[in-house]
Amino acid sequence: MENQWYTISVYSENNVGLLNRISGIFLKRHINIESLNVSKSEIENVSKFTIVIFSTEDWARKIVNQIEKQIEVIKAYYHTDDETIYQESALFKVASHLLFDERQIQNIIKESNSQIVTVSRDFFVLAKTGRRHEIDEMHDALEPYGIMQFVRSGRIAVSKAAMPITNILAEFQNQ
């Protein structure tokens, strides 16, 4: 089995310490978490962890099984990139004079489909939403001009196929 990107979705109760225990599962197996996002989910009072790893399917399956053993975890799934729709977001802070002095900066903004969020006397901020490689390309294009600050979000993703989490919760509530 060869390594590929997997998105792990974990539905859980929102309890203190769960993130630490989940990250410990990866640590014990020496698997790096490439991206992590935690947010509320489509279900009231249920949180969703979106975790990205570069590993084999066997390891992804084993990790999901271990995560599901955590008492607060309702259900966990893993998907390949082809099985998900995903995005990341990034903010770039760049010196304002470049916006006017370097024509190529305007081309980068236009070609990358990024948005100017704010402009001040000293800096402007660009927002870019897209796939990881698109954000990396924009970073590489802006880097020669100087990036004052850069931040990227964790992956957000939905699966193409239905995840039966709502049915599972309904069963728990009816018991």
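Residues numbered from 1 in each chain as written. Predicted model: local features only at pLDDT ≥ 70, side-chain atom pairs only at ≥ 80, totals over all residues. Heavy atoms only, no water.

> Tell me about the sheet that holds strand 3 (residues 47-55), and name the residues and values.
The strands that make up a sheet pair up through hydrogen bonds in the backbone, lying either parallel or antiparallel. Pairing within the open sheet is antiparallel, and its 4 strands lie in the order 2-3-1-4. Edge strands, defined here as strands with exactly one partner in the open sheet, are strand 2 (35-40) and strand 4 (73-80). If you compare each strand with its neighbour and ignore which way they point, the axes differ by 20° on average. Against the sheet, helix 1 (residues 18-28) engages strand 1 (4-12), strand 2, strand 3 and strand 4, with an angle of about 15° to strand 3. (Pairing = 2+ DSSP bridges. Helix = DSSP H or I, 4+ residues; strand = E, 2+ residues; numbered from the N terminus. Axes fitted to C-alpha atoms, helices over the stretch in contact; angles between N-to-C directions. Contact = heavy atoms within 4.5 Å.)

> Kindly report on the UniProt feature "domain: ACT" (unreviewed entry) in the protein chain, identifying the contributing residues and their values.
Under the UniProt annotation, the feature "domain: ACT" (unreviewed entry) is placed at residues 7-87. From the first C-alpha to the last, residues 7-87 spans 12 Å; its make-up is 27% helix and 41% strand. (UniProt positions renumbered as here; feature names shortened; annotations may be inferred.)

> Which residues make up the environment of Lys 75, and what values do they have?
Tracing the chain through its elements places Lys 75 in strand 4. Among the residues examined, Lys 75 registers a relative accessible area of 25% and is labelled partly exposed. The spatial distance from the C-alpha of Lys 75 to the C-alpha of Ser 12 is 7.1 Å, given a sequence separation of 63 residues. Excluding anything up to four places from it in sequence, Lys 75 contacts Ser 9, Val 10, Tyr 11, Glu 68, Ile 165 and Ile 168. Within the structure, Lys 75 has its side chain in polar contact with the side chain of Glu 68 (distance 3.3 Å). (Buried < 20%, exposed > 50% of the residue type's maximum accessible area, 1.4 Å probe, protein only. Polar contact = N/O pair within 3.5 Å; in protein donor to acceptor, adjacent residues only side chain to side chain.)

> Outline a nonpolar patch on the surface, supporting the account with residue identities and numerical values.
Together, Leu 19, Leu 36 and Val 38 give the surface a local cluster of nonpolar side chains, amounting to about 220 Å² of exposed area. Classification of Leu 19 by relative accessible area gives partly exposed; the value is 40%. (Patch = residues over 30% accessible without salt bridge, like charges linked within 9 Å, V, L, I, M, F, W, Y side chains within 5 Å. Areas by Shrake-Rupley, 256 points an atom, 1.4 Å probe, with all protein chains shown as cover. Salt bridge = Lys/Arg side-chain N within 4 Å of Asp/Glu carboxyl O.)

> If you had to explain unusual backbone geometry to someone new, which residues and values would you point to?
The phi torsion at His 30 lies on the positive side, around 55°, for a residue other than glycine. Looking at where His 30 falls in the secondary structure, it is placed in the loop between helix 1 and strand 2.

> Provide a residue-level description of the pairing of strand 5 (residues 84-95), including the pertinent values.
Relative to strand 9 (residues 156-159), strand 5 is paired through 4 bridges, and the arrangement is antiparallel. Note that in strand 9 the partner of Tyr 86 across the bridge is Ala 157. Strand direction decides the pairing type here: strand 5 and strand 7 (residues 123-130), joined by 8 bridges, are antiparallel. Within strand 7, the residue paired with Phe 92 across the bridge is Leu 126. Bridge analysis of strand 5 against strand 8 (residues 149-152) gives 4 bridges, and the strand direction is antiparallel.

> Explain the domain arrangement of the protein chain residue by residue, including any values.
Each domain of the protein chain was delimited in the assignment, giving domain 1 (4-84 + 156-164) and domain 2 (85-152). With 8 residues of domain 1 at the contact, the number on the domain 2 side is 4 residues. Counting each side, the surface lost to burial between domain 1 and domain 2 is near 560 Å², with a carbon and sulfur contribution of 49%. By the criterion of area lost to domain 2, the three top residues of domain 1 are Asp 81, Thr 84 and Ile 156, representing 55% of everything that side buries. The tally of links between domain 1 and domain 2 comes to 0 salt bridges. Joining domain 1 to domain 2, the criterion identifies 2 residue pairs in polar contact (both at pLDDT 80 or more). (Domains from an automatic or database assignment. Buried area = accessible area lost by both parts, 1.4 Å probe.)

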